[in-house]
Amino acid sequence: MSATDAVAKDDLSPDRQAAAPKRRRGLGRGGRDLALTVLSPIALLLVWEALVRGGILDARFFPEPSSIIGQMWMMMDSGELWTHIGASMQRLFLGFWLGLVPGLALGIVMGLSRPLRAALGPLVSGTYPIPKSALLPLILLIFGLGEMSKIVMVAIGVFYPVVLNTMAGVMQIQPIYYDVAKNFGARRWRVFRTVALPGAMPSIMTGVELGTGLGLILIAIAEMVGAKDGLGFMIWNAWELYSVETMYVGLLVIAVIGYGLSVLISGISRLVMPWRADR
Amino acid sequence: MSAGPQVVHTETGAADVKVALRGVTKRFGSGGRGITALEELTLDIPRGEFFMIVGPSGCGKTTLLRILANLEQLTAGEIHIRRAAEDRPQNSMVFQGDSIFPWMTVWANTSYGLRMRGVPASETREIVGHYLEKTGLTAFRDSYPHELSGGMRQRVSIARAFANDPDVLLMDEPFSALDEQNRTLLQGELLRIWDETRKTVVFITHSVDEAVTLGDRIMVMTARPGRAKVFVDVPFERPRDVLELRHRPEYGEMVYDIWQHLRDEVDRSQQAQSTPPARGLMQRLTRRGGR
Ligand SMILES: Nc1ncnc2c1ncn2[C@@H]1O[C@H](COP(=O)(O)OP(=O)(O)O)[C@@H](O)[C@H]1O
Ligand SMILES: [Mg+2]
């Protein structure tokens with residue numbers, strides 16, 4: 001019953017209680033929050049710019065934001081930046097599905113079946129604490145320097161949070177819902193579709209969000225070794241060429257992608273879980 | 001959990017007996033540490049009867065219903081349930097506590113049994129529409145459970161069971177979590193809906209008032225291990241007006257009579273749960289203690 005739990009939690013948050021009865025005030029506060037969210041990074045950039053021009057910050061390590069933006073503009077214009085973004089996004093996309101599908105399937109069967117949990121649980125939770133970046137040499141050894149090793153790194157990052165959260169999500173479903181399904185004649189596949197999957201969905205989406213974040217980290221690391229394109233390669237290459245601005249462009253783009261993905265995932269969460277109270 | 005005696009469906013037996021229990025016994029666990037929830041329960045429920053089960057908490061009421069619903073295996077004995085048609089579900093349960101799916105709308109919850117059985121969509125729409133109307137849920141058909149009050153959620157659970165059109169309706173204290181006003185309201189609604197089809201109902205309650213208000217016949221159960229202590233016929237005519245009924249002197253007498261049967265059992269189950277020297281709650285309440 002994590003859906004209702006989450007509802008209860010939401011209801012308890014003081015923000016929500018205050019906002020519910022007086023909508024107008026809630027909106028006003030939201031507007032102010034938005035203004036602060038936009039203004040504070042701009043203020044930070046202005047201070048940064050001023051500090052570099054005033055010679056207080058070392059431009060070799062912290063180039064002025066204006067020159068970073070200029071560099072980004074140039075790389076966008078030449079198409080170079082888009083090539084790198086495209087390469088990384090493609091690996092992220094393929095790796096995401098390669099990790100998600102087995103993670104989801106395994107998580108659900110492990111949540112439903114006690115014997116499978118006993119058999120596979122130690123394997124999964126035993127390998128989980130290994131830093132995924134430490135696996136890169138092994139993955140390169142097995143899959144070579146090509147695309148596959150990068151995709152597999154992302155998949156590993158997505159797989160673990162998804163499998164563990166899915167299993168936990170399935171296990172916390174109240175047994176009464178399985179009784180209802182049985183009493184009303186749901187067969188195996190239908191029980192899965194109407195009880196296990198939706199019941200575990202909040203937990204699954206948490207796993208997807210964590211996994212995507214981990215995937216983004218791992219793709220940047222993986223691309224630093226033996227890649228010819230991608231944002232990780234771009235940043236690494238910038239170090240070799242001593243182009244600090246390009247490095248910052250890479251960091252900025254990765255941050256924007258990370259933010260965009262989390263917005264996308266919470267949008268998808270709302271779409272697949274219309275019963276959740278938040279919105 | 002191996003092959004214990006199963007719930008048997010049969011076409012034999014007296015035509016007007018819908019549910020027959022013979023020596024039904026249920027033990028949880030085994031050996032000295034096991035507990036006997038039900039012991040040697042034998043009874044017949046005629047077709048179309050609104051059968052009430054009253055008993056102290058922990059006496060095995062839910063266990064009995066779960067056995068009837070095939071959600072639990074019995075240890076010994078036999079159960080026969082006479083089927084009206086093979087393509088109809090044998091039973092549908094209104095579970096104790098919140099049991100409607102939080103992730104489904106009112107419509108999806110109510111149509112659940114029909115959809116799982118593959119009833120054609122047009123027929124499903126018609127049946128579900130009917131019961132939503134009857135339970136006053138039509139305007140909430142697209143709402144999710146968290147948007148509904150406790151009373152509304154219980155109406156969904158009842159509509160879901162009725163819409164499934166089972167041979168026998170099983171209800172496990174469906175109103176026990178509601179406040180008195182809602183309970184009275186829902187009792188009246190339940191009787192009106194039931195009057196349309198007069199299905200066989202097995203209804204569990206711990207409220208003597210509820211048993212007399214709703215039932216045709218009441219079985220009072222003993223404290224654990226649950227056995228049938230006494231059967232009481234409720235003579236009131238149908239259809240009933242829940243409020244008017246409670247005004248009659250015969251109603252008060254019936255409630256009192258049943259309390260007489262129940263009192264010792266509630267006492268015993270209280271004593272089993274609390275420390276030995278404490279006198280039973282019902283003894284203190286009625287000041288008739290000391291048998
Ligand atoms: N799955 C189970 N395992 C062990 N004991 C159980 C189980 N289900 C119920 N019991 C026990 O059986 C007895 C009857 O329970 P129940 O049928 O729920 O009582 P009631 O519904 O009358 O309150 C109780 O003592 C309860 O603790
Ligand atoms: Mg019970």
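Scroll up to find the structure.
Residues numbered from 1 in each chain as written. Chains lettered and ligands numbered in written order. Predicted model: local features only at pLDDT ≥ 70, side-chain atom pairs only at ≥ 80, totals over all residues. Heavy atoms only, no water.

**Student:** I'd like to hear about the nonpolar core, residue by residue, with values.
**Tutor:** In terms of nonpolar packing, the biggest core is built from 80 residues, with Leu81 and Val195 of chain A together with Leu21, Leu68, Tyr112 and Val202 of chain B touching the most fellow members. The element that contributes the greatest number of residues to this core is helix α10 (residues 188-222) of chain A, accounting for eleven residues. When neighbours within four sequence positions are excluded, Tyr112 of chain B is seen to be in contact with Val180, Ala181, Phe184, Ala186, Thr194 and Val195 of chain A together with Phe101, Met104 and Arg160 of chain B. The next biggest cluster of nonpolar side chains, apart from the first, holds 49 residues, and it includes Val54, Val119, Leu137 and Val266 of chain B. (Core = buried A, V, L, I, M, F, W, Y, C linked by side-chain atoms within 4.5 Å. Buried < 20%, exposed > 50% of the residue type's maximum accessible area, 1.4 Å probe, protein only. Helix = DSSP H or I, 4+ residues; strand = E, 2+ residues; numbered from the N terminus. Contact = heavy atoms within 4.5 Å.)

**Student:** Break down the interface of chain A and chain B for me, with residues and values.
**Tutor:** On the side of chain B, 25 residues touch chain A, which itself brings 20 residues to the contact. Of the roughly 2000 Å² buried between chain A and chain B on both sides combined, carbon and sulfur atoms contribute 67%. Put simply, chain A and chain B have one salt bridge between them. A salt bridge links Asp179 of chain A to Arg66 of chain B, with the shortest nitrogen-to-oxygen separation between them at 2.9 Å. Taken together, the connections running from chain A to chain B amount to eight residue pairs in polar contact (both at pLDDT 80 or more). Mapped onto the side of chain A that touches chain B, the elements with two or more residues apiece are α9 (175-183) and α10 of chain A. Examining the composition of the side of chain A that touches chain B, we find that seven residues originate from one element, α9 of chain A, more than from any other. Broken down by class, the residue content of the side of chain A that touches chain B amounts to twelve nonpolar, four polar and four charged. (Buried area = accessible area lost by both parts, 1.4 Å probe. Salt bridge = Lys/Arg side-chain N within 4 Å of Asp/Glu carboxyl O. Polar contact = N/O pair within 3.5 Å; in protein donor to acceptor, adjacent residues only side chain to side chain. Nonpolar A, V, L, I, M, F, W, Y, C, P; charged D, E, K, R; others polar.)

**Student:** How would you explain the pattern of salt bridges if you had to name every residue and give the values?
**Tutor:** Residues and elements named next belong to chain B. Summed over the entire model, instances satisfying the criterion amount to 27 salt bridges over all chains. When the shortest N-O distance is used, the salt bridge between Arg217 and Glu49 registers 3.0 Å. In this pair, Arg217 sits in strand β9 (residues 217-221) while Glu49 sits in the loop between β3 (35-46) and β4 (50-54), placing the two residues 168 residues apart along the sequence. There is no split in this pair, since Arg217 and Glu49 are both buried. The salt bridge partner of Asp167 is Arg83, with a shortest N-O separation of 3.1 Å. With Asp167 in the loop between α5 (150-163) and β7 (168-172) and Arg83 in the loop between β5 (76-81) and β6 (91-94), the pair connects residues that are 84 residues apart, well separated along the chain. On the basis of relative accessibility, which here comes to 9%, the residue Arg83 falls in the buried class. Residues joined in a network through salt bridges with shared partners are Lys18, Arg83, Arg88, Asp165, Asp167 and Lys199.

**Student:** I'd like a description of the coordination of the magnesium ion (ligand 2), backed by residues and values.
**Tutor:** Residue and element names in this part refer to chain B. Donor atoms from the polypeptide that bind the magnesium ion (ligand 2) are Thr62 (OG1) and Gln96 (OE1), placed at 2.0 to 2.6 Å. Taken as a pair, Thr62 in helix α1 (residues 61-68) and Gln96 in the loop between β6 and α2 (106-110) lie far apart in primary sequence, 34 residues in all. Classification of Gln96 by relative accessible area gives partly exposed; the value is 36%. (Donors = N, O, S within 2.8 Å, 3.2 Å for Na, K, Ca; no water.)

**Student:** Explain unusual backbone geometry residue by residue, including any values.
**Tutor:** Residue and element names in this part refer to chain B. Going from Arg224 to Pro225, the amide bond is cis rather than trans, its omega being 0°. Examined against the element boundaries, Pro225 turns out to sit in the loop between β9 and β10 (228-233). In this model, Asn70 sits at a positive phi of 70°, which is unusual for a non-glycine residue. Take Asn70: its relative accessible area is 27%, and that puts it in the partly exposed class.

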